[in-house]
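# Structure assessment
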Protein chains: 4
Amino acid sequence: MSKNAMKPQWETPAIMDQRGLAAGKIGTTHELTPERQGTYHYTIGPYSEPVMTVQPGDRVVFWTPDCFEGRIQKEDDKPSEILEMPFINPQCGPIMVEGAEKGDALAIYIESMEPRGENPRGTCCMIPEFGGLTGTNYTATLNDPLPEVVRKINLDDDNVYWSDRVTLPYKPHVGTISCSPEIDSINALTPDQHGGNMDMPDICPGNVTYLPVKVTGGRFFIGDCHACQGEGEVCGVAVEYPSVTTVRFDVIKGWQNQWPRLETENTIMTIGSARPLEDATRIAYRELVYWLVEDYGFDKWDAYMMLSQCGVAKLGNFVDPKYTIGAAIPKKYLARK
Amino acid sequence: MSKNAMKPQWETPAIMDQRGLAAGKIGTTHELTPERQGTYHYTIGPYSEPVMTVQPGDRVVFWTPDCFEGRIQKEDDKPSEILEMPFINPQCGPIMVEGAEKGDALAIYIESMEPRGENPRGTCCMIPEFGGLTGTNYTATLNDPLPEVVRKINLDDDNVYWSDRVTLPYKPHVGTISCSPEIDSINALTPDQHGGNMDMPDICPGNVTYLPVKVTGGRFFIGDCHACQGEGEVCGVAVEYPSVTTVRFDVIKGWQNQWPRLETENTIMTIGSARPLEDATRIAYRELVYWLVEDYGFDKWDAYMMLSQCGVAKLGNFVDPKYTIGAAIPKKYLARK
Amino acid sequence: MSKNAMKPQWETPAIMDQRGLAAGKIGTTHELTPERQGTYHYTIGPYSEPVMTVQPGDRVVFWTPDCFEGRIQKEDDKPSEILEMPFINPQCGPIMVEGAEKGDALAIYIESMEPRGENPRGTCCMIPEFGGLTGTNYTATLNDPLPEVVRKINLDDDNVYWSDRVTLPYKPHVGTISCSPEIDSINALTPDQHGGNMDMPDICPGNVTYLPVKVTGGRFFIGDCHACQGEGEVCGVAVEYPSVTTVRFDVIKGWQNQWPRLETENTIMTIGSARPLEDATRIAYRELVYWLVEDYGFDKWDAYMMLSQCGVAKLGNFVDPKYTIGAAIPKKYLARK
Amino acid sequence: MSKNAMKPQWETPAIMDQRGLAAGKIGTTHELTPERQGTYHYTIGPYSEPVMTVQPGDRVVFWTPDCFEGRIQKEDDKPSEILEMPFINPQCGPIMVEGAEKGDALAIYIESMEPRGENPRGTCCMIPEFGGLTGTNYTATLNDPLPEVVRKINLDDDNVYWSDRVTLPYKPHVGTISCSPEIDSINALTPDQHGGNMDMPDICPGNVTYLPVKVTGGRFFIGDCHACQGEGEVCGVAVEYPSVTTVRFDVIKGWQNQWPRLETENTIMTIGSARPLEDATRIAYRELVYWLVEDYGFDKWDAYMMLSQCGVAKLGNFVDPKYTIGAAIPKKYLARK
């Protein structure tokens, strides 16, 4: 039941279930259909109207559109004609979680992600001046842009049928997941301390994401689901698809992290987003050093040198306005003697 | 009268006066006192209440607070205790300019900048994990932060009395100047396409800044005035001071720039803000190539190679969340045969 | 026998054994003891005297010193007093491989890596202004440097006994491996197109590295062996140790790669080294696109978009003068229908 | 006589003439013709044969070739066919200066630079994957390269006749100037601590450059003269030309700088070269803080904050393998009370 577990079935309970307000208890299930959502959001901030209020322990079933809001339907569509910046990467929400206040962490356990809609429901494309191996709006060059190429892709909950030649496993994850910043409203393409468009494949069913809460209720947003994605998301686009994504919320009071954190059965991870990419890496590793010191009793320099021996670095993307790196350590090295 | 000219007294009129709706005519003078402003803004976006609506050609006298809102008053104050992030760098506005629509450029001619308040009215300081020669929130290090040092500085409209040893000329300019982004709201510390915290010393009395308009009225914000600043603003703080800053507005219809532009009597400049710093430089120079092609009839490759011989690069800051570079060319090279 | 295999025991032979001059035949075994080596090299280039000439298919047993040349012996040693820049990271070689000419690739299969010397034979330390979470010579700050901390570590061919609390698996790999550049001589701390100090954990027993040959004989250098290392080598130092490292050479004629490549049983990888880190990532992924097109018959845009779905990014280090990223794809996706 | 002064005619003597071994005395004049030079060097290091030994105070007249060694002669030449990497940017030297030892600084005063050869003796061009507004070998993209465009340019010691439309002033300077690194040999395209390809327009007649000496005699190299160049050298190429460049040497004992420094009549400057560009800026400003503390008696934090008000940043290039920034301060602020 790994694709659809109501809570982490781990030997040791997740931090969420140890320290959260709901203490592992599962509450009400809500559904956020497109009808209930109404208009999507293209910017993540404190200025939009909440669509729902839930309790710690509650579960929400999100009907997410793909990051193009379903507009790219045929392989001869031109993204540059269809997409209208900055109205891209539509987000569901905001969801208010009762009890979440500035200075807390919002815990989000992803129970399951299922594809929805008719095949070919997956979309990949090359968008002019967007992606890792092209000049962009920021890495501004005078070269002609790459061609616009659209791929429509069949997929189910086993596989992504990429081409006649290549079939990839279905590895769903959430590309964009956020709590609201305190006063900024940040477009849905940009990751930062609030989460945002991190494109981290580990934000997937079975894992728990912890986001810093900056405003009352947290104001949770979600969107941009991927049926699979490589590390770096090098062309700038994953296999984008509409999903039914079910998550369970909890609130950890007084856990004042500066950046998103993630927990899997076997690892803990900190996530940094910045430019240049080394700064994202510095952020992620520094946060991990801090975590080892604060919650696991390591000496700071011991933690720093030890991560130099067993740290794991995971590239989210290096194509967005900010780039994302996760730094992780296996839980087995965290045990106290 | 160079410090206090009602409009550019140049041999050839500014683009503003050639192409603006007001066509060089000067309108009404408005005053935005602290009382009329009410609360300041710490984020620049479309979600705040306008404080004033003006016509093209109108002039506004802004009473700007310093970037610390006057809170740092003594040399033994501790910035880390006094400043409360993200409520820093207060902005006056938003001002609505009639006739400005998405796709236009807002022209802002700075007539004059005068210091106000009692001496020592200038402030410089070292803020933990902020500045060019220290680890920061992004360039995350484990080093101990630099000490907090505060300097209170006497200044008048001739000089900045930096120390017993060094007196610097008063070279006032506006650190943060913006139109609103379309849907984002961006904290006042960050420069980007909307302008923002560019810290470009050329945004000073006698020069004209052109900002892209993304929302009706432009929604103009201003703050963060500096009595002087070096290129790069290396410690992260200029000589910050409260000012009376007088600007004249105009609207250039259909001038769809992607990034801020600036005009002085003798040069034109494009301004890019990004990380890493080479990307800011790329943006600025690419925009300048585009400008030479579109408005001055140069061939693209001729413009590119010629800027390689006579382009001028001006570093705004390399300390903010994004770094700022201006690329300029003397007007004398733009003449048509 | 995975730790000590004479050649890759893979279902499909390695590229080395398919396309190399030796065609999988194993030749003579040579031994490069410290006595035969004489003085080590701290710079990798065409100006040093070869220590040995071997044939394709030959095997060399290298007695590598640790990257500190064994000078850090006690936990109260001060690296800043003991190490004398730029005489650091001693390299064995150069080895001339018969038949290798400019435009070829040198294949290096690592058969085995065994620790040598008395315990505690492992060394880790924090060196002032060196590492990922500190100001450095390049990321120049005014912060006080981090403390100098030395760790002497027991290790054997099963484990690295990091601390009372943590035992890590022995995962040996070669930190610095190079062919000579054509005219430059590059210090042993810097990775680049020639290989160099890549600190890529996948350059380990059982895998094959392919380096561009720029001068006759290739002029192969090796050193800087690690008993284990995390991704990123965040403190700048791995578990450094003296090793007996056995490699087998071959030459692939006319394989003109611009950057190092690597082959494991299940993946192929390209390796880029540059600053900022996104440039290393761009290099690695572009080389991988080229490889998929040239040797595996993929369409360029298909390869680019497909790597966006199944590419694997591996961070070598982000602490050296240049940073290193590997981009990989599982071989299973390369099969032709 | 500013274009051809035998020594700095400044009110206060240059550091060179105050602290150098020759104490301002002018010695013998030597001439390094192409015949005496023989083959040029494409890499700067300790492994080449000296062409000349001179005394402190001596003057050398260099006949420098242009950076293409005169191979690009017509506007329909194709740089990609004519240039053979890495044999580009030919350097004259090495010159041994008596008395220069590791730990000293070599002072180089440029007396004059005159064009030589027939017109059109200036060359500019666009080289595939080289320059500031294009994908490059490092900023690796899949875009088609920019076109190859060659410009042959008439110039004399007054003007550079860029086009029918634009005439630029002759502002000669030395693009590449170096002492040898200690053990590395660095290609002539890359700037670093040894100097190298800094492309800093201030390294021009009338100014003094100070380079760190790492090997006996300093081993001085020079080449890559420019008739003019914009800040940033955005297309990657200046107006390249063959010159007769006359310099005077001196040695400052025990002045152990880590990076090049420069002195003009009115300013002192430190020069950093690194990637990303903010690191070059950090290096330059940190060195300038150190200089103000060591030689001018400023308090470190006072110097840091004061440079934030009056520092000048000068972009050399952002197109080479490393980027170059100079940080300067007017001498008038250095006076002691």
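Computed from a predicted structure; not experimentally measured.

For chain A, the helix and strand inventory stands at 5 helices and 20 strands. Here the C-alpha radius of gyration of chain A, 19 Å, is about what a compact globule of 337 residues would show, namely 20 Å. In terms of its C-alpha atoms, chain A occupies a principal-axis envelope of roughly 60 × 45 × 40 Å. Every one of the 337 residues in chain A was classed for burial, and the buried ones make up 70%. With an accessible surface of roughly 10600 Å², chain A has 47% of that area assigned to carbon and sulfur atoms. Charged side chains of chain A number 31 positive and 46 negative; the gap between the two group centres comes to 5 Å.

Scanning all chains against the criterion turns up 42 aromatic pairs over all chains. A centroid spacing of 6.5 Å and a plane angle of 65° characterise the contact between phenylalanine 318 of chain C and tyrosine 323 of chain C, whose relative ring orientation is edge-to-face. The residues phenylalanine 318 of chain C and tyrosine 323 of chain C share a single accessibility class, namely buried. Site record: aromatic cluster; members linked through ring pairs are Phe62, Phe220 and Phe249 of chain A. We note arginine 151 of chain A situated over the ring of tryptophan 162 of chain A; from NZ or CZ to the ring centre the distance is 4.4 Å. When the ring centre of phenylalanine 298 of chain B is taken as reference, the NZ or CZ atom of arginine 165 of chain D above it lies at 3.7 Å.

What follows is about the relation of the copies chain A and chain B. Note on the copies: chain A fits chain B at an RMSD of 0.0 Å, the axial shift is 0.0 Å, and the rotation between them is 180°. What the rotation and shift describe, once combined, is the action of a two-fold rotation axis. Closest to the rotation axis within chain A is the C-alpha of serine 185 of chain A, separated from it by 2.3 Å. Comparing interface residues between copies, 100% of those in chain A also sit at the interface in chain B, which points to an isologous, same-surface contact.

A word on the sheet that holds strand S15 (residues 220-226) of chain B. Residue and element names in this part refer to chain B. If you trace the 5 strands from one edge of the open sheet to the other, you get S3-S5-S15-S11-S13, paired in mixed fashion. Only two strands of the sheet have a single neighbouring strand rather than two, namely strand S3 (52-54) and strand S13 (195-196). With 2 bridges connecting them, strand S5 (residues 92-97) and S15 associate as antiparallel partners. In the sheet register, cysteine 92 faces S15, and the bridge partner there is isoleucine 222.

In the superposition of chain A on chain C (RMSD 0.0 Å, axial shift 0.0 Å), the rotation amounts to 180°. By residue overlap, the copies meet face to face through one surface: 100% of the interface positions of chain A are interface positions in chain C.

Here the focus is the interface of chain A and chain B. Opposite the 34 residues of chain A that make contact, chain B presents 34 residues. For the pair chain A and chain B, the summed buried area comes to about 3000 Å², and 57% of that belongs to carbon and sulfur atoms. Contact with chain B buries surface across chain A, with Tyr138, Leu142 and Arg286 of chain A losing the most and accounting together for 25% of the total. Connecting chain A to chain B are 4 salt bridges. Between arginine 286 of chain B and glutamate 129 of chain A there is a salt bridge, with its nearest N and O atoms 3.1 Å apart.

Right, let's talk about the confidence of the model for chain A for a bit. Within chain A, residue pLDDT values average 97, and 99% of them lie at 70 or more. Reported for the predicted complex are a pTM of 0.98 and an ipTM of 0.97.

Attention shifts here to helix H5 (residues 300-310) of chain C. By the criterion of burial, H5 of chain C is predominantly enclosed, with 10 of the 11 residues buried. Trp301, Asp302, Ala303, Tyr304, Met305, Met306, Leu307, Ser308, Gln309 and Cys310 of chain C are the residues of H5 of chain C that are buried. Its buried side turned inward, H5 of chain C meets strand S7 (122-126), strand S8 (149-155) and strand S10 (168-169) of chain A together with helix H4 (277-296), strand S19 (312-315) and strand S20 (323-330) of chain C. Between the side-chain oxygen of the N-cap and the backbone nitrogen of tryptophan 301 of chain C there are 3.1 Å, and the N-cap of H5 of chain C in question is aspartate 299 of chain C.

On to the pairing of strand S6 (residues 105-115) of chain D, then. All names here are of chain D. With 10 of its 11 residues buried, S6 lies for the most part within the structure. Note: S6 against strand S14 (residues 208-212), 5 bridges, orientation antiparallel. What sits directly across from isoleucine 108, in S14, is threonine 209. Alignment of S6 against strand S16 (residues 243-252), held across 10 bridges, turns out to be antiparallel. Directly across from methionine 113, in S16, lies its bridge partner threonine 245.

Axes are the key here: two packed helices are described by the angle between their axes and the distance separating the axes. Residue and element names in this part refer to chain C. Two numbers describe how H4 lies on H5: the axes approach to 9 Å, and their chain directions differ by 130°. The angle between the axes of H4 and H5 places the two elements in the oblique class. By crossing handedness, the relation of H4 to H5 is classed as right-handed. Here Tyr285, Leu288, Val289, Leu292 and Val293 of H4 come into contact with H5, specifically with Lys300, Ala303, Tyr304, Met306 and Leu307.

Moving on: the interface of chain A and chain C. Each side of the interface is counted separately: chain A has 61 residues, and chain C has 61 residues. Our count for the chain A to chain C interface comes out at 2 salt bridges. A salt bridge links arginine 151 of chain A to aspartate 302 of chain C, with the shortest nitrogen-to-oxygen separation between them at 2.9 Å. Linking chain A to chain C there are 39 residue pairs in polar contact (both at pLDDT 80 or more). Counting residues per element, the ones that place at least two in the side of chain A that touches chain C are S7, S8, S10, helix H4 (277-296), helix H5 (300-310) and strand S19 (312-315) of chain A. Broken down by element, the side of chain A that touches chain C gets its largest block of residues, 9 residues, from H5 of chain A. Class assignment for the residues of the side of chain A that touches chain C results in 37 nonpolar, 13 polar and 11 charged.

Each neighbour pair has its own omega, and for asparagine 119 of chain A with proline 120 of chain A the value is 0°, a cis peptide bond. The residue proline 120 of chain A is located in the loop between strand S6 (105-115) and S7 in this model. The phi dihedral of aspartate 199 of chain B is positive, around 50°, even though this residue is not glycine. For aspartate 199 of chain B, the position within the fold is in the loop between S13 and strand S14 (208-212). The backbone phi angle of aspartate 224 of chain D is positive, close to 65°, even though this residue is not glycine. Its location among the elements puts aspartate 224 of chain D in strand S15 (residues 220-226). Given the relative accessible area of 3%, aspartate 224 of chain D is considered buried.

Conventions adopted
- Residues numbered from 1 in each chain as written.
- Chains lettered and ligands numbered in written order.
- Predicted model: local features only at pLDDT ≥ 70, side-chain atom pairs only at ≥ 80, totals over all residues.
- Heavy atoms only, no water.
- Helix = DSSP H or I, 4+ residues; strand = E, 2+ residues; numbered from the N terminus.
- Rg over C-alpha atoms; globule rule 2.2 N^0.38 Å.
- Buried < 20%, exposed > 50% of the residue type's maximum accessible area, 1.4 Å probe, protein only.
- Areas by Shrake-Rupley, 256 points an atom, 1.4 Å probe, with all protein chains shown as cover.
- Lys, Arg positive; Asp, Glu negative; His and termini not counted.
- Charge placed at Lys NZ, Arg CZ, Asp CG, Glu CD.
- Phe/Tyr/Trp six-rings, centres within 6.5 Å; stacked < 30°, edge-to-face > 60°.
- Lys NZ or Arg CZ within 6 Å of the ring centre and 35° of its normal.
- Least-squares fit on C-alpha atoms with pLDDT ≥ 70 in both.
- Contact = heavy atoms within 4.5 Å.
- Pairing = 2+ DSSP bridges.
- Buried area = accessible area lost by both parts, 1.4 Å probe.
- Salt bridge = Lys/Arg side-chain N within 4 Å of Asp/Glu carboxyl O.
- pLDDT = per-residue confidence, 0-100.
- Polar contact = N/O pair within 3.5 Å; in protein donor to acceptor, adjacent residues only side chain to side chain.
- Axes fitted to C-alpha atoms, helices over the stretch in contact; angles between N-to-C directions.
- Parallel < 35°, antiparallel > 145°, perpendicular 65-115°, else oblique.
- Left-handed = near helix turned anticlockwise from the far one by under 90°.
- Nonpolar A, V, L, I, M, F, W, Y, C, P; charged D, E, K, R; others polar.

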